[in-house]
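One letter stands for each residue in the lines below.
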Amino acid sequence: MAANNKQNYYELYRRSSVGEALTDTLEELLMNQYISSSLYQKILSQFDKSINEALSNTVKSKTTFKGNLHTYRFCDNVWTFILDNASFKTDGVEVKVKRVKIVACDANVQDQPPAK
């Protein structure tokens with residue numbers, strides 16, 4: 001697997017609300033020349049690594065889900081599923097959604113640093 005694909009695994013976290021807030025803030029700081037582009041990249045790389053470690057080490061809840069499989073794909077060791085009428089259950093709380101996209105990456109990649 002190419003090093004670039006490993007980096008893409010980490011970058012999935014940047015699409016979260018906290019990741020988007022960080023990226024927006026860093027882009028503004030970069031645009032106003034408060035930080036350099038190399039510092040921008042270092043901060044994002046550290047965020048990718050830290051969020052992955054935090055999720056791996058602190059999240060202990062288990063979630064089950066079910067739904068009607070609309071589409072699935074396996075490419076570059078990444079599974080993508082689209083489910084219709086899905087339900088998720090965590091700690092006895094159930095949430096239902098009309099459609100959801102699930103992206104699943106190889107767990108072994110977390111032990112390797114992102115490409116520079």
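None of these values were measured; they are calculated from a predicted model.

Trainee: Any chance you could explain the sheet that holds strand S2 (residues 78-90) here in plain terms?
Mentor: Sheet strands line up and pair through hydrogen bonds in the backbone, either parallel or antiparallel. The three strands are arranged S1-S2-S3 in an open sheet whose pairing can be described as antiparallel. Looking along the sheet, the strands with just one partner apiece sit at the ends: strand S1 (63-75) and strand S3 (93-105). Averaged over neighbouring strand pairs, the angle between their axes works out to 15° when direction is ignored. As paired strands, S2 and S3 are joined by twelve bridges and run antiparallel to one another. Pairing of Ile 82 across the sheet is with Lys 101, part of S3.

Trainee: Honestly, the pattern of salt bridges in this entry has me stumped. Any pointers?
Mentor: Pairing between side chains becomes possible if they bear opposite charge and their charged atoms approach one another. Overall, the coordinates contain two salt bridges when judged by the stated rule. For Asp 48, the salt bridge identified is with Arg 14, shortest N-O distance 2.5 Å. Of the two residues, Asp 48 sits in helix H3 (residues 37-58) while Arg 14 sits in the loop between helix H1 (3-11) and helix H2 (17-31), which places them 34 residues apart along the sequence. For Asp 48, a relative accessible area of 1% translates into the label buried. A relative accessible area of 16% places Arg 14 in the buried class. Across the salt bridge formed by Arg 99 and Asp 84, the nearest N and O atoms sit 2.8 Å from each other.

Trainee: What exactly am I supposed to notice about the packing of H2 against H3 here?
Mentor: Two quantities define a packed helix pair, namely the angle between the axes and the distance from one axis to the other. Contact geometry for H2 and H3: axes closest at 10 Å, N-to-C directions at 170°. By the angle between their axes, H2 is roughly antiparallel relative to H3. Along the contact surface, H2 presents Val 18, Gly 19, Leu 22, Thr 23, Leu 26, Glu 27 and Leu 30, while H3 presents Ser 37, Tyr 40, Ile 43, Leu 44 and Phe 47.

What counts, and where the lines are drawn
Residues numbered from 1 in each chain as written. Predicted model: local features only at pLDDT ≥ 70, side-chain atom pairs only at ≥ 80, totals over all residues. Heavy atoms only, no water. Pairing = 2+ DSSP bridges. Helix = DSSP H or I, 4+ residues; strand = E, 2+ residues; numbered from the N terminus. Axes fitted to C-alpha atoms, helices over the stretch in contact; angles between N-to-C directions. Salt bridge = Lys/Arg side-chain N within 4 Å of Asp/Glu carboxyl O. Buried < 20%, exposed > 50% of the residue type's maximum accessible area, 1.4 Å probe, protein only. Parallel < 35°, antiparallel > 145°, perpendicular 65-115°, else oblique. Contact = heavy atoms within 4.5 Å.

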